[in-house]
Amino acid sequence: MKDTFTIEINNDDIHLASHLANIVSSEHNTIAYSHTLTVIGQAVTPYLLKGVLDKLKNVFSPVSAAFHHLHQQMGDDAIEIRGEVISAKPEHIKSLLGDVSDAYHLDVGLQASRPSLSKAGLLVMDMDSTVIAIECIDEIAKLAGVGEQVAEVTARAMRGEIAFNDSLTHRVACLEGVPIDHLNQIRDSIPIMPGIQALLSHLKAHNWKLAIASGGFTFFADHLKARLGLDYAISNTLAVKDGHLTGKVEGEIINADVKARTVKALSEKWQIPSSQTIAMGDGANDLVMMAESALGVACHGKPLVNEKADVAIRIGNLHSLLYFLDK
């Protein structure tokens, strides 16, 4: 076995996904490594895999390639490449991974360590634009006729340009007088992100705890907790009077710091080691809970979040998170 992993294949076969198995093994070799590069996509070819490694050759030296244990079980090709990271700044590597993803329409992640799927763990998820494909406050605002005004503030908050507490207070104030029936309308047609059911079912089967920690609202988070069979949900409570929103939030605002505290509190409550914790989200207010977790996952995130997260799902569905876990 060579001390480095290289791709050598006839040019006639390099664009055939069926030939990936000719260069990727079912098991890794025993050569020592420090990091795992995960490559995820549809019909991955030797050409695409070679392109990924070529673009990363100045920061990552591969020694072994094998299929992830969930390869093709959920409709994706998933390849683990073990190797050594050559001296490089983390932000430079993250930028390169983003370039690779864009160039080949693949999800890629480079990890020094990975939570184990076979051990009990904790996944804490953001709700809006993560578990569901909308920002609920923006949808309420549209029905109230203040959609553009509120959406702009939401976007700035998710990019980290405005303090979350201030942005939430301002946006909720715009909703004064909205009837609860509007919230029912949004709830009844709420678009759940593709891949979430496969992700949650697989984690549940391996005794993981599942939670939502959201800067959104209990009206939707509690509904999703019941609908998806989650273990816990925390979010903001909209004040209601006479069947209408008052334009205020009741109790403590669930911001970035509260989300991070939730990860820590739930891991302690359920006696889950910190090495088995994952936080997933898309906005700047998710970065603190990502930092609190062993694995921070950006889910179709804002550019800042993709840069700061441990790994980023840019292309695939939510179940792609499973490929970033060890067996």
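Look up: the structure comes first, before these words.
Here the structure is a predicted model, which is why all the values come from computation and not from measurement.

1. Things to note about the sheet that holds strand β5 (residues 122-125)
Logical step 1: In space, the seven strands of this open sheet follow the order β8-β7-β6-β5-β9-β10-β11, with mixed pairing throughout. Only two strands of the sheet have a single neighbouring strand rather than two, namely β8 (244-250) and β11 (311-313). Neighbour to neighbour, the strand axes of the sheet diverge by 25° on average, direction disregarded.
Logical step 2: Both β5 and strand β6 (residues 209-217) contribute to a ladder of four bridges, which runs parallel. Its bridge partner lying in β6, M125 is registered against I212.

2. Side note on the pattern of salt bridges
Logical step 1: Following the criterion strictly, the structure yields 11 salt bridges and no others.
Logical step 2: A salt bridge links D188 to R187, with the nearest nitrogen and oxygen atoms 2.9 Å apart.
Logical step 3: By relative accessible area, which is 58% here, D188 ends up exposed.
Logical step 4: Residue classification places R187 among the partly exposed residues on the basis of a relative accessible area of 25%.
Logical step 5: In this structure, K302 and D282 form a salt bridge, with 2.7 Å as the shortest nitrogen-oxygen distance. Linking K302 in the loop between β10 (295-299) and α11 (303-308) with D282 in the loop between β9 (277-281) and α10 (287-292), this pair joins segments that are 20 residues apart in sequence.
Logical step 6: Residue K302 is classed as partly exposed on the basis of its relative accessible area of 23%.
Logical step 7: Each of E80, R114 and D326 takes part in one network of salt bridges that share partners.

3. Observations concerning the sheet that holds strand β3 (residues 77-85)
Logical step 1: Strand order in this open sheet of four strands is β2-β3-β1-β4, and the pairing throughout is antiparallel. Since the sheet does not close on itself, it has two edges, and those belong to β2 (60-67) and β4 (107-111), each with one partner. Taking the axes of each pair of neighbouring strands and ignoring which way they run, one obtains an average angle of 25° across the sheet.
Logical step 2: Bridge analysis of strand β1 (residues 35-41) against β3 gives seven bridges, and the strand direction is antiparallel. Bridge assignment links V39 to a residue of β3, and that residue is I79.

4. Observations regarding the state of the cysteines
Logical step 1: In this structure the tally under the stated criterion is zero disulfides.
Logical step 2: Free of any disulfide, C136 has its nearest cysteine sulfur in C299, 15 Å distant.
Logical step 3: Residue class for C299 comes out buried when judged on its relative accessible area of 0%.

5. Notes on the packing of helix α6 (residues 180-188) against helix α8 (residues 218-228)
Logical step 1: Between α6 and α8, whose axes approach to 10 Å, the crossing angle comes to 35°. The chirality of how α6 crosses α8 is right-handed. Contacts from I180, L183, N184, I186 and R187 of α6 reach α8 at F219, F220 and H223.
Logical step 2: Broken down by class, the residue content of the contact of α6 with α8 amounts to five nonpolar, two polar and one charged.

6. Digging into the packing of aromatic side chains
Logical step 1: Considering all chains together, one arrives at one aromatic pair under this definition.
Logical step 2: Considering the side-chain rings of F219 and F220, the 5.2 Å spacing of their centres and the 75° angle between planes classify their relative orientation as edge-to-face.
Logical step 3: With relative accessibility at 0%, the residue F220 sits in the buried group.

Calculation criteria
Residues numbered from 1 in each chain as written. Predicted model: local features only at pLDDT ≥ 70, side-chain atom pairs only at ≥ 80, totals over all residues. Heavy atoms only, no water. Pairing = 2+ DSSP bridges. Helix = DSSP H or I, 4+ residues; strand = E, 2+ residues; numbered from the N terminus. Axes fitted to C-alpha atoms, helices over the stretch in contact; angles between N-to-C directions. Salt bridge = Lys/Arg side-chain N within 4 Å of Asp/Glu carboxyl O. Buried < 20%, exposed > 50% of the residue type's maximum accessible area, 1.4 Å probe, protein only. Disulfide = S-S within 2.5 Å. Left-handed = near helix turned anticlockwise from the far one by under 90°. Contact = heavy atoms within 4.5 Å. Nonpolar A, V, L, I, M, F, W, Y, C, P; charged D, E, K, R; others polar. Phe/Tyr/Trp six-rings, centres within 6.5 Å; stacked < 30°, edge-to-face > 60°.

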